[in-house]
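Fold and geometry: a report
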Amino acid sequence: MNSKNISHWIRAGLWALPVSALVTAWSALEPQPDQEKDPDAWARFVSSGPYQLSRIFGSTAGTVLAIFGVFALGCCLANSRVGRLALAAMVTAVAGTALLLVPAAISTFATPAIGRAYLAGHPDVMQLEFPGSMTGAFLLGLLLAFVGNVLLGVAAWHSHVLPRWAGALWVAGAVVFYVLGVVLGQAMTGSSLPTQTAGALLMAVGGGWIAWSGSRETTPAPDLTAAGTA
C-alpha cells in the first residue's frame, strides 16, 4: 500500500473519534435504576429491547470505533514533533479501551439474561457475583483509557498539526467522561451520571474538529522508526 492510500485511511479513521463519542453519549442518556434499591425496575430496564440495542450500538460498537479512531490519531501525529508522545498515548489508550470491552460485553449480553431470570421468578440470580479479576480489568481499563486519551489531547495541542483547542476539548471531555462521569457515577449510584454524556459530547466536538482538520491536511504516512526524533 502506497503512502497516499495510507494517508487516506488515516484521515478516514479519524472520523471514528466523533462517531464513537456520539454513540457512547447516546448509550449513556438514560441511567439504569439502582439494582439494590429497586431490583424490579432494574430488571425491567436491563431486559428491555432498547437497553440491549443501546449496549450493542452504543457501548460495544462505540468502544470498537474508539480503538480505530485512536489508532488513526496516533498515526496522524506519528511524524509530528510529538510523535513519541502520540504513539505512547495511542498504545495506552488502545490497551485501556480494549480492556473495557470486557464489561461492555457483559452488560450487553449477560445483564439482560440476569434481568429476565429475575422477572421469571428467580430472585436468587441477583446474588450472582462476578470475579474480582473483572473489577480489576475494568479499573485498569478505565485508568489506561483516561491517561491515554488525556495524553493524546496533549499531543494534539503541541503537535502544530492539529488545532490546539481541539486537543484541549478532547482532554476536557476525557476528564468529564471518565472522572466525573464513569468513576463518580459508579461510586455514587452504580450507574451513569449526566456528566458521562456531557463528557462524551465534548469528546465528539473535539474529535470532530480533529477529523475535519485532519481531512484538510495532507497527512504523511507514518514512519514509525523515525517518529519523535524531531
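Given the structure is predicted, the values throughout are model-derived calculations rather than measurements. Residues take numbers from 1 onward in each chain, read along the sequence in its written order. It should be noted that, the model being predicted, local features are given only for residues of pLDDT at least 70 and side-chain atom pairs only at 80 or more, the latter also being counted only at that level, while totals for whole chains, interfaces and linings use all residues. With hydrogens and water excluded, all non-hydrogen atoms of the structure serve as input to the side-chain values.

1. Points about the packing of helix α3 (residues 39-46) against helix α6 (residues 101-119)
Each pair of packed helices gets described by two things: the angle between the helix axes and the distance between those axes. Running from amino to carboxyl end, α3 crosses α6 at an angle of 130 degrees, the nearest separation of the two axes being 8 Å. On the basis of their axis angle, the class for α3 and α6 is oblique. Here α3 and α6 pass one another in a crossing that is left-handed. Between α3, through P39, D40, W42, A43, R44 and V46, and α6, the contact on the second element is made entirely by T111, P112, I114, G115, Y118 and L119. Under the grouping applied here, Gly and all other residues not named as nonpolar or charged are polar, the nonpolar ones being Ala, Val, Leu, Ile, Met, Phe, Trp, Tyr, Cys and Pro and the charged ones Asp, Glu, Lys and Arg. Of the residues belonging to the contact of α3 with α6, the class tally is 8 nonpolar, 2 polar and 2 charged. Fitted lines through C-alpha atoms serve as axes, helices being fitted only where they are in contact, and the angles separating the N-to-C directions of these axes extend from 0 to 180 degrees. Secondary structure follows DSSP: runs of H or I at least 4 residues long count as helices, runs of E at least 2 residues long count as strands, and numbering of each begins at the N terminus. Should an angle fall under 35 degrees it is taken as roughly parallel, and over 145 as roughly antiparallel, whereas 65 to 115 is taken as roughly perpendicular and any remaining angle as oblique. Each crossing gets its hand from how the near helix is turned against the far one by less than a right angle, where anticlockwise is left-handed and clockwise is right-handed. We call two residues in contact whenever any of their non-hydrogen atoms come within 4.5 Å of each other.

2. Quick word on the packing of aromatic side chains
Two measures describe an aromatic ring pair: the distance that separates the ring centres and the angle between the ring planes. In this analysis, rings of Phe, Tyr and Trp, with Trp reduced to its six-membered ring, are considered paired at centre separations within 6.5 Å, and the interplanar angle assigns stacked below 30 degrees, edge-to-face beyond 60, and tilted for intermediate values. On inspection of all chains with the given rule, the structure shows 4 aromatic pairs. Ring geometry for F45 and Y51: centres 5.6 Å apart, planes at 65 degrees, overall edge-to-face. With respect to class, F45 is no different from Y51; both count as buried. Taking 6.3 Å as the distance between ring centres and 65 degrees as the angle between the ring planes, the aromatic pair formed by F146 and Y178 counts as edge-to-face. Residue F146 is located in helix α7 (residues 132-158), and its partner Y178 is located in helix α8 (residues 164-188); the two are separated by 32 residues in the primary sequence. In this scheme, a residue with accessible area under 20% of its type's maximum is buried, one over 50% is exposed, and one in between is partly exposed, where area comes from a 1.4 Å probe on protein chains only. By relative accessible area, F146 is classed as partly exposed at 22%. Y178 gets classed as buried once you look at its relative accessible area, which sits at 9%. Ring pairs connect the aromatic residues F146, F177 and Y178, which therefore count as one cluster.

3. A look at the packing of helix α2 (residues 16-27) against helix α9 (residues 194-216)
In contact at an axis separation of 7 Å, α2 and α9 are set at 165 degrees when each is read in the N-to-C sense. When the axes of α2 and α9 are compared, the pair comes out roughly antiparallel. In the packing of α2 onto α9, the handedness of the crossing is left-handed. Residues L17, P18, A21, L22, T24 and A25 of α2 form the contact with α9, whose own contacting residues are T197, A200, L201, M203, A204, G207, G208, I210 and A211. Looking at the contact of α2 with α9 residue by residue, the class counts come to 11 nonpolar, 4 polar and no charged.

4. Brief notes about the nonpolar core
Buried Ala, Val, Leu, Ile, Met, Phe, Trp, Tyr and Cys residues that are joined via side-chain atoms within 4.5 Å together make up what is termed a nonpolar core. Formed by 38 residues in total, the largest nonpolar core has its most connected members in L14 and L73. Those elements giving two or more residues to this core turn out to be α1 (3-14), α2, α4 (49-76), α5 (83-99), α7, α8 and α9. In contact with L14, not counting residues within four places along its chain, are A72, L73, C76, G207, I210, A211 and G214. Formed by 8 residues, the second largest nonpolar core is a distinct cluster that contains W42, F45, V46 and I114.

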